[in-house]
Amino acid sequence: MRVPSRSPGRQPGPAVTSTAPARRVPAAGRRSDAAPDLSAYRAAVAELLVEVGALADAPSATARQVLLDQRLREPAIAAVLDATPQGLIGARETLLLEMARYQPNARSSAQDLTALVRIYLLSRVDVLWWRDAPTFLTDDQVRTSAELVDLEWLRRRGLIEFRYQEQAATVVGRGLRAVRRRLLPDATPRTAGLLFRRARREMIAFLNDLAREFAAVAPDRTPPLWVTSLARSAEHQYRLRRLGYAAMVPSGHCLGWAADVELEWYERFDARSALAGLLLARQDAGEVNVVDEGQAWHVCLAPDARRRYRRAYEAEMGV
């Protein structure tokens, strides 16, 4: 079956513009062709998080800064941060600023300072991988980009294996959803839903593949994979930050290469550990970067997997 594009087509001029700083020239003597060891980076971040957790109280702010100054310069961590557009110094300053501004709230996936540091540092792998990718700056760019396709059009034709929910667009819609949640509090994940029901073709193929694998290993009567966030604009990212969410900048979401997958809701079906295992196995295989954000896990597709999932999308959709 051939699936025609629902995109309005390319607009005059570039569809998106990159806000990433120009690529820096590597320091003298540094190998520019050596990829950082991501397993070592994740292990070093895990060790750092234990120490941050021990210094989480307010009087320890100075000690936390000294700790970060030391640990971020360790080779395993510095190699990744220095390869991002901000560089090591920029990443350090951004993280310290995020920590200084941090205020716990029910909306944020960062329930404490340790979670904030985890989310920021692990999400830098996305930025490392896609440092040359253009950013979707505005909501309109997400809605009109030819690089993204309409999920709803595919869903109605039975071509989507995972589930999602759109954000309620009106006061009446939000009221009806609140009533349904009171009557059936656990029928769906507690999520606002997608503002943009659009995604890259490769991400659709990846999520379809993950959904099929999850369905095969999850206990009987487990609902399909649920996706809570996909592509979004930098404009919306800053909107989320103002509302108190731990929305990092830059973000793989604003490049179209990241999704958030519900985890917490699957506890009631005894399926959470199965889904977590699948995601971590794919990370170990180098296919994705995974960030535990509590209720949902952030997943970013690796550049090396892009071609395979583009071919998978074309095969599934008959294009």
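Structure: above.
As a starting point, this report considers the structure included with it. The numbering scheme is per chain: residues are counted from 1 as the chain's sequence reads. Reporting of local features is limited, given that this is a predicted model, to residues whose pLDDT is at least 70; pairs of side-chain atoms are given and counted only at 80 or more, and all residues count toward the totals for whole chains, interfaces and linings. Think of the side-chain values as coming from all heavy atoms in the structure, minus any hydrogens and water.

Regarding unusual backbone geometry
The linkage connecting valine 249 with the following residue, proline 250, adopts the cis geometry, with an omega of -5°. Inspection of the secondary structure assignment puts proline 250 in the loop between helix H10 (234-242) and strand E4 (258-262). At arginine 221, a residue that is not glycine, the phi angle is positive and equals roughly 70°. Within the secondary structure, arginine 221 sits in the loop between helix H9 (201-217) and strand E3 (227-229). Assessed through its relative accessible area of 76%, arginine 221 is described here as exposed. In this structure, aspartate 270 is a non-glycine residue whose phi angle is positive, near 55°. With respect to the helices and strands, the residue aspartate 270 is situated in the loop between E4 and helix H11 (272-284). Exposure remark for aspartate 270: the relative accessible area of 64% places this residue in the exposed category. Helix and strand definitions here come from DSSP, where helices need a minimum of 4 consecutive H or I residues and strands a minimum of 2 consecutive E residues; each element is numbered from the N-terminal end. Exposure is judged per residue with a 1.4 Å probe applied to protein chains only, and the accessible area is read against the type maximum: over 50% gives exposed, under 20% gives buried, and values in between give partly exposed.

Details of the pattern of salt bridges
A side chain with one charge can pair with a side chain of the opposite charge if their charged atoms come near. Counted as salt bridges are all cases of a side-chain nitrogen of Lys or Arg within 4 Å of a carboxyl oxygen of Asp or Glu. Counted according to the given criterion, the structure contains 23 salt bridges. Where arginine 71 meets glutamate 47, a salt bridge forms, and the shortest distance between an N and an O atom there is 3.5 Å. Residue arginine 71 is located in helix H2 (residues 61-71), and its partner glutamate 47 is located in helix H1 (residues 38-54); the two are separated by 24 residues in the primary sequence. When its relative accessible area of 10% is taken as the criterion, arginine 71 is described as buried. Relative accessible area serves as the criterion here: at 49%, glutamate 47 is assigned to the partly exposed category. One salt bridge in this structure joins arginine 310 and glutamate 202, with 3.3 Å as the shortest N-O distance. Of this pair, arginine 310 sits in helix H12 (residues 306-317) while glutamate 202 sits in helix H9; the two residues are 108 residues apart in sequence, bridging distant segments of the chain. A single salt-bridge network, built from bridges that share partners, covers Asp209, Glu213, Arg282, Glu287 and Arg308.

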